[in-house]
Structure formats: structure tokens, C-alpha cells
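# Structure at a glance
One letter stands for each residue in the lines below.
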Amino acid sequence: MVAGWSHHFVSKRKYHFIIPGNDEWNKPLNEGAFDLQTHLLHGLIHCNGFGHLICINGIEGGSKYICGREIMDLWDRICTTLHARQITVEDSSRKHMMDLRLLYGVAYGHCWFGKWGYRFCRGSFGVKEHDYERAMDILSSLELDQLIDDFSITNGCTHIEQMIHHYRDMSETNLVTIRDLLRFMLEHKPTVPTARYSTRISWSGKKLAFPTAIKRCSLKLSTRFSLRKSPLVKDYPTKCRKFSNVAANLDSRWPVRRLEHVAEVIVEALKEKRAVNDGCSSGMTRQEARDAARLHIGDTGLIDHVLKVMNNVVVGNYIVRRAVNRSTKVLEYTIHDCKSSKEAYLSKVPELIQAHTAVKLAAQMILYSKHFVKEWPFRDEDDDSLRFICRLTMSSIDLNSDSSCDFPPREYIVVPLYATIGDLKIAIQHAMRETYFVMEKLLVTEILDMEGLQDEEVLFGIIESGRELWVRGFGLDLENDLRYEGGTEKWTVKCKCGARDDDGERMVACDICETWQHTRCSGIEETEAVPRLFVCDACCSSLAPVQTQCSFTYNYDSHQGPLMLPHMPEVDMGLLYCK
């Protein structure tokens, strides 16, 4: 819980807020209770106003009565009432096998906790806020039509196209991007069947209606049933067939050559329609295609017979497809330039590799971003008190004792309306002493920009309430063992990914320079144990300079797809900004 806040001074008091699980209500809390992840709610707030939401468990986490949203509403009200300043949360929540920070990030542009004002705090492996936002923009702007087209050359992915068509048919608005699709799926409420009533005869002879038992159907089951039974969803084959082969297998009274001629006429009409629309692939409805073919062919029965089988067929150098236009909800025929399957696949491979790599990297950036924070802004309320934001600057003697000292965050001080400058100094001194161990002997000597004023002068009229003040003092106990949240030992994080502080990920220290870096960035897998002796790349180079310079790249395997190296984000980030 100190990840990212290791430089903060240790506060004297911290308060745990726990709602135990349903089976723990009558059991006494012991020391081990603080380490449990089964509480319905466990939050911690330090006396300086900083805190952490440690865990929350709703219905799916074991709660019998309270859902996660209601628990979060309660926690948010607690923090607001107690005037919390910053509350962090590590979002590792999952729904089945899906990380919610990825699902909600793509659908809404923020994590699930974002509903309550939690925003990006810090990322692991050197991920910055602009990387996180860029990654969400890439994923959320993926167009569904492009996804369908990309999956069309991949075997066994027809269910993805079916799912997209299914939800498009259900939606009253156009679903263009994957953000539109996910948001609709998350907000769609399954319809509950109307209760059926059975007639019973009561003891008095009157007829009474009793509702029969209704099985509750989940959205997941409803969706599967619809995909399997709905007549609106067609099973689009991924492979196209030559129309001549299709015509040869038809049980038709017309010869194959006449069927091919009608197909060629329809393709020419579609080509003319596309040319009129400046090269765009514009579709024709069944009636439009039928009318265009009748200009050259008088047998309408023959035309209808051909139109019935014109779907994913190859005619000449074109593929004819039939699909429902998502805007008009009308069946349309379209043509697409045709190459052989192998040529089409090979021509798309470089583009698909780059797109797949960027998408995979963007998803990884979001998964690396799991620390979020909510900040309550400073409020100067309209009452008979003066409020100030006070920051402490140490004397030169204190600075010489610890040159790496990070000063504490800003403290909020409240004094009566007619308090004097001396009263303000005492209030600051008392607040600092009561909050931090290292400040138990702090003595405030002066307030910057007010050095020429006497302690007896009244603040009202001299300084405006709500200002930020710098205070000078001495007596900071930098030898205290309870100094920093990160401990008394001096340690340095300098990883090749750009991380400069503990981000909660597994790290290893070099046995020569004692610099900490991520095990993953050092080539140590998560399943591997940390070696007893570890020397970082910089020390290895200084001890034995390498003859050849290695570089980290993306390797492509035809069977497994692009292989992403998760370390070196400072190199990988460039892929997110390629146009």
C-alpha cells in the first residue's frame, strides 16, 4: 500500500473501515483481519487525509444483500464526510476471465471506479498517463466493419461476426466502433418474460390466479440462444466459392452458361453503382439489382434464381456479398475486388501484423495501469473560519542531515476568523506534530512573505483565506525509524522501462550497484525464481563490454502471431503513435 507513496512521511494514526463478510459478523477481528481480501469493504485512511481502498466485494464476491455499487457509494460518502484528500485503489477486479479495467476503459474511457471520480494515478513498467489515454483511444476507435473484414480471413471466427450482427440488430442506434458495441452490451437489460398465471380452485370454490415459477435467464444464456435460433443472424462463410461451381451444383432448368451470364450482368451493375459513388463500395438492394438486370435480361424468374445464391461468390475478378445494411436494415448486394486467397492474405499480412501489434500493445498498456486515485479538492467554506494550505520548508541544518528528504504534502490548517499570526504558527506546529512521527519536536519559526509582521497582528484583512503558505521551521527528526512509508533504507529504482519508484511489481536488485529494476524487464519470467546473484545490464557492460549490440524487436510467428516483448515500453510506445 506504499507503492508510489514511499516518500511520504509516516503518519501517527490510521483508521481501518471494515464491513466483514456475511459469515464473519459474529467473529472478533484479529490482527490477521487486515490481510483478508474477503471483506465486503476494507478501506484505510491515514490521519493526514491520504488513504487506500484495499478491497471491495459485492454480490459476485460473496455478499448476499449488498452489491458492489452500493458499497462504493457508502465508501465514497465516508471519504467525503471525513474530508479525505486522496484515496488510491489498485484495480485488479475481474468478471469471469475479463479484466474490468480493460473492459470499462474501452467502453467508457475510465475504469469501473471512474464512476466515483477515480482517475489514472500511475502505471507499472513506466506507463504514463498519456500512454494510457492513447491506448484507450486506439482500442475504443476500432471499427466493427474493419474487425469483421480482418476476421474474415481467419478460420473459425464466424461467431465474432455473428455476435456483432446480433447486437447491431438489437440496437436502435448505429454501432460503429467497438466502444459502441461494448457500451451497448454493458447497458443492455435482458427482457424478463411475463409471468404466467395458472388457475386454481380455492376451498370456497372461487377461481384464484397464482403466478407460476419463472426461471431467471441471464443475459449470457439469452445471447447464446439468440445466436443459435434468431432468423436475423446468418452464418456467413469465411471462404468464397466460384459462381460457376455453385451454378453447376444447382438443380436448375436453366443451363450453367445462362446463369453465369446473369451473374456477370449483376456484377456490371454493381460496378457502375460503385463508380457513381467515387469508387466506394456501394450496395444495391434486391429490387435495385433485379431492375438493373432486367434491362438486359427479360426472364425475371431466372434473375431471381441467380440473386438467391449470390452470396460470397466469385464472379470474374470480384466477390459478391450479401448483408444487411446496419443503417437501413435492408438486405444489400456489394462487390469487392478479388485476389486469390493466398495473395489476399499475404498482401494483408504486414498491415495486420502492425495493427495487431499496436492493438495488443494498447491492451497491455491498459492492463499495466491498475493504480487509480481520487482527489478531493481544497474547499474554502463560507463560515467564520480561515483555511490555509501550508507547506513546510526545512532549515539548512535539517537539509544537510538528509539531502534526499522529500517534504510532506500540503497540510490544511483551519483557524478562527480573528486568529493572529502567532495563533496560525501554533496551529501549524500542533497539526504537524500530531500528524507525523518525524515532526514531534517541530518548531515553526516564521511564515514566508510575512516575516515583517508581529505575531500579535490579526490575520483577517492581511491574508486571504484559501491561500497556500510556505512555513519555515526546524526540529525535524530525520533519524527516526518511522520516517518514510517506504522504510529507512535508501534504495533506488532505475529500470529500463522508465520506472523510478516502486510500482508494486516484482523487482530485483543488482548485487553490484544495488539498483532495483523489474524482473520482467530483466528477462526473468514471473514463474522463475529470482537468481541468488544478479548483475544488471549496465554493470555487465562496465565489467565486460559486449562486442555486439542487442536490440529488442517484435518477432512474428506464422502460427502464433506477433510476439510482444512486454519490457522496454520506452521503445514500444512508438507503435501507439504511428499513423
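- An unreviewed UniProt entry lists the protein chain under the name PHD finger protein MALE MEIOCYTE DEATH 1, with Sesamum radiatum given as the organism.

### Concerning the overall build of the protein chain
- Helix and strand counts for the protein chain come out as 16 helices and 24 strands.
- Buried positions account for 39% of the 579 residues belonging to the protein chain.
- The long-range fraction of contacts in the protein chain, counting pairs at least 24 apart against all pairs at least 6 apart in sequence, stands at 64%.
- Counting every atom, the protein chain has about 34100 Å² of accessible surface; 52% of that belongs to carbon and sulfur.

### What about the nonpolar core?
- Judged by nonpolar contacts, the single largest core of 56 residues is most densely connected at Leu53, Met72, Trp75, Ile87, Phe113 and Tyr118.
- Not counting the four nearest positions on each side in its chain, tryptophan 75 is found in contact with Phe17, Leu41, Gly43, Leu44, Ile45, His52, Leu53, Ile87 and Tyr118.

### So, the sheet that holds strand β22 (residues 515–518)
- Spatially, 3 strands are ordered β20-β22-β21 in an open sheet, and the strand pairing comes out mixed. At either end of the open sheet lies a strand with only one pairing partner, and these are β20 (492–493) and β21 (507–509).
- When β20 meets β22, the two strands line up parallel, connected through 2 bridges. The residue bridging valine 493 from the neighbouring strand is tryptophan 516, located in β22.

### A word on the environment of aspartate 91
- Topologically, aspartate 91 is positioned in the loop between β4 (86–90) and β5 (94–95).
- What makes aspartate 91 buried here is its relative accessible area of 0%.
- Spatially, the C-alpha atom of aspartate 91 lies 9.7 Å from that of leucine 53, the residues being 38 residues apart in sequence.

### Brief notes about the confidence of the model for the protein chain
- Mean pLDDT over the protein chain stands at 79; residues scoring 70 or higher make up 77%.
- Between residues 194–238, whose pLDDT stays under 50, and residues either more than four places distant or in other chains, the model counts 52 contacts.
- Segment residues 548–575: pLDDT under 50, and 45 contacts once partners within four positions in sequence are set aside and those in other chains are kept.

### As for the environment of lysine 271
- Along the chain, lysine 271 turns up in helix α9 (residues 256–276).
- For lysine 271, a relative accessible area of 25% translates into the label partly exposed.
- With 63 residues separating them along the chain, lysine 271 and threonine 334 place their C-alpha atoms 9.1 Å apart.
- Residues contacting lysine 271, with those up to four places away along its chain left out, are Tyr318 and Ile335.

### Some thoughts on a nonpolar patch on the surface
- Taken together, the side chains of Tyr418, Val458 and Phe460 make up a nonpolar region of the molecular surface, amounting to roughly 330 Å² of accessible area.
- Among the structural elements, tyrosine 418 can be located in the loop between β17 (411–416) and α14 (421–435).

### Notes on the pattern of salt bridges
- As enumerated under the stated definition, the model contains 21 salt bridges in all.
- Among the ionic pairs, glutamate 24 bridges to lysine 27, the shortest N-O distance being 3.9 Å.
- The closest approach of N and O atoms between glutamate 411 and arginine 85, which form a salt bridge, is 3.4 Å. Of this pair, glutamate 411 sits in strand β17 while arginine 85 sits in the loop between α1 (68–81) and β4, and the two are 326 residues apart along the sequence. We note that glutamate 411, like arginine 85, is buried.
- Taken together, the salt bridges that share partners define one network made up of Arg94, Asp99 and Arg101.

### Quick notes on the packing of helix α10 (residues 286–294) against helix α11 (residues 300–309)
- For the pair α10 and α11, interaxial distance at closest approach is 10 Å and the crossing angle is 135 degrees. As far as their axial angle goes, α11 and α10 are oblique. Handedness of the crossing formed by α10 with α11: right-handed. Each of Arg286, Ala289, Arg290, Ala293 and Arg294 in α10 lies in contact with α11, whose residues at this interface are Thr300, Ile303, Asp304, Leu307 and Lys308.
- Classifying every residue of the contact of α10 with α11 gives 4 nonpolar, 1 polar and 5 charged.

### Comments concerning α1
- Look at α1: 20 Å from first C-alpha to last across 14 residues, which is about the 20 Å you get at 1.5 Å a residue.
- Those residues of α1 that fall on the buried side of the exposure criterion are Gly68, Ile71, Met72, Trp75, Asp76 and Cys79. Along α1, the residues classed as buried sweep out an arc of 135 degrees about the axis, all on the same side. Residues of α1 that are exposed and angled more than 90 degrees away from the buried face: Arg77 and Thr81.
- On its buried face, α1 sits against β1 (14–19), β2 (41–46), β3 (50–56), β4 and β15 (371–375).

### Points about the sheet that holds strand β12 (residues 313–315)
- Spatially, the 5 strands line up as an open sheet ordered β10-β12-β13-β14-β11, and their pairing is mixed. The sheet is open, and its two borders are formed by β10 (241–242) and β11 (284–285), each paired with just one other strand.
- One ladder, built from 7 bridges, connects strand β13 (residues 318–324) with strand β14 (residues 331–337); its direction is antiparallel. Following the sheet pairing, isoleucine 319 is matched in β14 by histidine 336.
- Contacting β11, β12, β13 and β14, α9 runs over the sheet at an angle of about 85 degrees to β14.

### Points about unusual backbone geometry
- One non-glycine residue, histidine 83, adopts positive backbone phi at about 55 degrees.
- Even without being glycine, asparagine 312 reaches a positive phi, approximately 55 degrees.
- When you line up the elements, asparagine 312 lands in the loop between α11 and β12.
- Of the residues examined, asparagine 312 reaches a relative accessible area of 3% and is grouped as buried.

### What about the packing of aromatic side chains?
- On inspection of all chains with the given rule, the structure shows 12 aromatic pairs.
- Between phenylalanine 113 and tyrosine 118, the aromatic rings sit 6.1 Å apart at their centres with planes inclined by 65 degrees, giving edge-to-face as the arrangement. The two residues phenylalanine 113 and tyrosine 118 agree in class, both being buried.
- Grouped by ring-pair contacts, the aromatic residues Trp112, Phe113, Trp116 and Tyr118 constitute a single cluster.
- Against the face of tyrosine 412 rests arginine 85, its NZ or CZ located 4.6 Å from the ring centre.

### Some thoughts on the packing of helix α5 (residues 158–170) against helix α6 (residues 178–187)
- Across the interface, α5 lies against α6 with an axial gap of 11 Å and an inter-helix angle of 65 degrees. Considering their axes alone, α5 and α6 lie roughly perpendicular with respect to each other. For the element pair α5 and α6, the recorded crossing hand is left-handed. Residue-level inspection shows Met163, Ile164, Tyr167 and Met170 of α5 in contact with α6, the latter providing Leu181, Phe184 and Met185.

Calculation notes
Residues numbered from 1 in each chain as written. Predicted model: local features only at pLDDT ≥ 70, side-chain atom pairs only at ≥ 80, totals over all residues. Heavy atoms only, no water. Helix = DSSP H or I, 4+ residues; strand = E, 2+ residues; numbered from the N terminus. Buried < 20%, exposed > 50% of the residue type's maximum accessible area, 1.4 Å probe, protein only. Contact = heavy atoms within 4.5 Å. Areas by Shrake-Rupley, 256 points an atom, 1.4 Å probe, with all protein chains shown as cover. Core = buried A, V, L, I, M, F, W, Y, C linked by side-chain atoms within 4.5 Å. Pairing = 2+ DSSP bridges. pLDDT = per-residue confidence, 0-100. Patch = residues over 30% accessible without salt bridge, like charges linked within 9 Å, V, L, I, M, F, W, Y side chains within 5 Å. Salt bridge = Lys/Arg side-chain N within 4 Å of Asp/Glu carboxyl O. Axes fitted to C-alpha atoms, helices over the stretch in contact; angles between N-to-C directions. Parallel < 35°, antiparallel > 145°, perpendicular 65-115°, else oblique. Left-handed = near helix turned anticlockwise from the far one by under 90°. Nonpolar A, V, L, I, M, F, W, Y, C, P; charged D, E, K, R; others polar. Expected span 1.5 Å × (residues − 1). Arc of directions from axis to C-beta. Phe/Tyr/Trp six-rings, centres within 6.5 Å; stacked < 30°, edge-to-face > 60°. Lys NZ or Arg CZ within 6 Å of the ring centre and 35° of its normal.

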